[in-house]
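# Observations on chain architecture
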Amino acid sequence: MIDVHCHLTEHALASNLDQVLEEARKTGITHLITSGTSYEDDLRVLEVADNKYVSASLGLMPYYNEDPEKVVELIKVSRDKIVAVGEVGLDYYLGNAGDRERQIKVFTLMIETARDLDLPLVIHSRSAGKYAIDLLIKHGVEKAVMHAFDGSVGHAMRGAEKGYFFSIPPSVIRSEQKQKLVKRLKLENLLLESDAPSLGPEKGVINHPKNIALSAQFIARLKNISLDKVVEATTESALHLFKINR
Ligand SMILES: [Zn+2]
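Residue positions are given per chain, counting from 1 as you read along its sequence in written order. In keeping with the predicted nature of the model, local features appear solely for residues at pLDDT of at least 70, side-chain atom pairs appear and are counted solely at 80 or more, and the whole-chain, interface and lining totals rest on all residues.

### Thoughts on the environment of Leu32
Quick reminder of the rule: Elements are defined by DSSP. Helices are runs of H or I of four residues or more, strands are runs of E of two residues or more, and each kind is numbered from the N terminus. Counting other C-beta atoms within 10 Å of a residue's C-beta gives its exposure: the residue is buried at 20 or more, exposed at 12 or fewer, and partly exposed in between, where C-beta atoms are placed from the backbone. By the criterion used throughout, residues are in contact when their C-beta atoms, derived from the backbone, lie within 7 Å.
As for its position among the elements, Leu32 is in strand β2 (residues 31-35). What makes Leu32 buried here is the crowd of 26 C-beta atoms within 10 Å. Linking Leu32 and Leu190, residues 158 residues apart in sequence, is a C-alpha distance of 16 Å. Among all residues touching Leu32, those that are not within four sequence positions of it are Asp3, Cys6, Ala24, Tyr53, Val54 and Pro209.

### Examining the pairing of strand β6 (residues 144-147)
Looking down a regular strand, the side chains alternate between one sheet face and the other. The condition that has to hold: If DSSP finds at least two bridges between two strands, the strands pair. By convention, orient the strands away from the viewer: a clockwise path from the first strand over the helix to the second makes the crossover right-handed.
Burial along β6 is two-sided: the face carrying Ala144 and Met146 and the face carrying Val145 and His147 are both buried. In terms of strand pairing, strand β5 (residues 121-126) meets β6 through four bridges, oriented parallel. Looking across to β6, one finds that His124 is bridged to His147. Handedness of the crossover joining β5 and β6 through helix α6 (residues 129-138): right-handed. In this structure, β6 lies alongside strand β7 (residues 165-168), joined through three bridges in parallel fashion.

### Focus on unusual backbone geometry
Backbone torsion omega between Gly86 and Glu87 reads 20 degrees, so that peptide bond is classified as cis. Among the secondary structure elements, Glu87 is positioned in strand β4 (residues 82-91). Here the residue pair Ala196 and Pro197 is connected by a cis peptide bond, since its omega of 10 degrees sits within 30 degrees of zero. Structurally, the position occupied by Pro197 is in the loop between β8 (190-192) and α9 (212-223). Within the chain, Ser127 stands out as a residue other than glycine whose phi angle is a positive 50 degrees. Looking at the element boundaries, Ser127 is found in the loop between β5 and α6.

### Section: the packing of helix α4 (residues 68-77) against helix α5 (residues 100-117)
Operational definition: Only C-alpha atoms enter the line fits that serve as axes; for helices the fit covers just the stretch in contact. Angles between N-to-C directions range over 0 to 180 degrees. Roughly parallel covers angles under 35 degrees, roughly antiparallel covers those over 145, roughly perpendicular covers 65 to 115, and oblique covers all other angles. A crossing counts as left-handed when the near helix is turned anticlockwise from the far one by less than a right angle, and as right-handed when that turn is clockwise. Polar here means any residue outside two lists: the nonpolar Ala, Val, Leu, Ile, Met, Phe, Trp, Tyr, Cys and Pro, and the charged Asp, Glu, Lys and Arg; Gly therefore counts as polar.
As a packed pair, α4 and α5 sit with axes 11 Å apart at the nearest point and diverge in direction by 15 degrees. Considered as vectors, α4 and α5 are oriented roughly parallel to each other. Where α4 crosses over α5, the two elements pack in a sense that is right-handed. Between α4 and α5, the residues in contact are Pro68, Val72, Ile75 and Lys76 and Val106, Leu109, Thr113 and Leu117, respectively. Here the contact of α4 with α5 is built from residues that sort into six nonpolar, one polar and one charged.

### Side note on the nonpolar core
Counted only if it meets this: Nonpolar cores are identified as sets of buried Ala, Val, Leu, Ile, Met, Phe, Trp, Tyr and Cys residues joined via C-beta atoms within 7 Å.
Formed by 73 residues in total, the largest nonpolar core has its most connected members in Ala84, Val85, Leu121, Val145 and Phe166. Apart from the residues lying within four places of it in its own chain, the contact partners of Phe166 are Met146, Phe149, Ala156, Leu181, Leu185, Asn189 and Leu190.

### Some details on the sheet that holds β7
Within the open sheet, the eight strands sit side by side as β1-β2-β3-β4-β5-β6-β7-β8. Their pairing is parallel. Each edge of the open sheet carries a strand with a single partner, namely β1 (2-6) and β8. Averaged over neighbouring strand pairs, the angle between their axes works out to 30 degrees when direction is ignored. Pairing of β7 with β8 involves three bridges; the strand directions are parallel. Paired with Ile168 across the two strands is Leu192, which belongs to β8. α9 rests against β1, β7 and β8 of the sheet, and its axis sits at about 150 degrees to β8.

Written out as structure tokens, the structure reads:
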């Protein structure tokens, strides 16, 4: 299994990273992608990633009002050390109405950066699924992962038609909306993510990458297919999308 989106630089995980990664290995996780959320966090992500077991993705959370150009510069000079741009996107839950224009500008800049560097995007879209998908389609994006997508099945299907992926966190076991997504989307459009230390199986409890095993099991149950099939399909998709060497 590949955890395509987690935050190993968050204190809850960074403070005992060796153990976190050891448990991930024991659970059958063969690779992880840790995503940065700010310039400072991106620097830490580059330190944590070894490009063997852990790959890096650099981005800027839409609700952080930081200089996006500084992050873009870091992404550009780090091109050969990273596998994606993210997390980036739109957050209309935390961002107030007046902030949306700024978020769209920053997201557009990140979309252009990913395209110029030929990297996939890892996208945060809270209460903004429709708008994020619209923007990706408008810019002709071909490689994108909608992480923990909270939008409607209808908007997800529009993204899936364009070949976008939807990474499913362990919170799927307690989210009816995510269960609906899993049921409707094809297995070929699904990936596994932990978003650790967030979005665990139990609300408010620190999440760990090893819990993507729960996502995989739950997807198998919802789609009435074997666990092996889920693991094989999601792993193949992740290897191919992020160009990860076995
Ligand atoms: Zn995240």
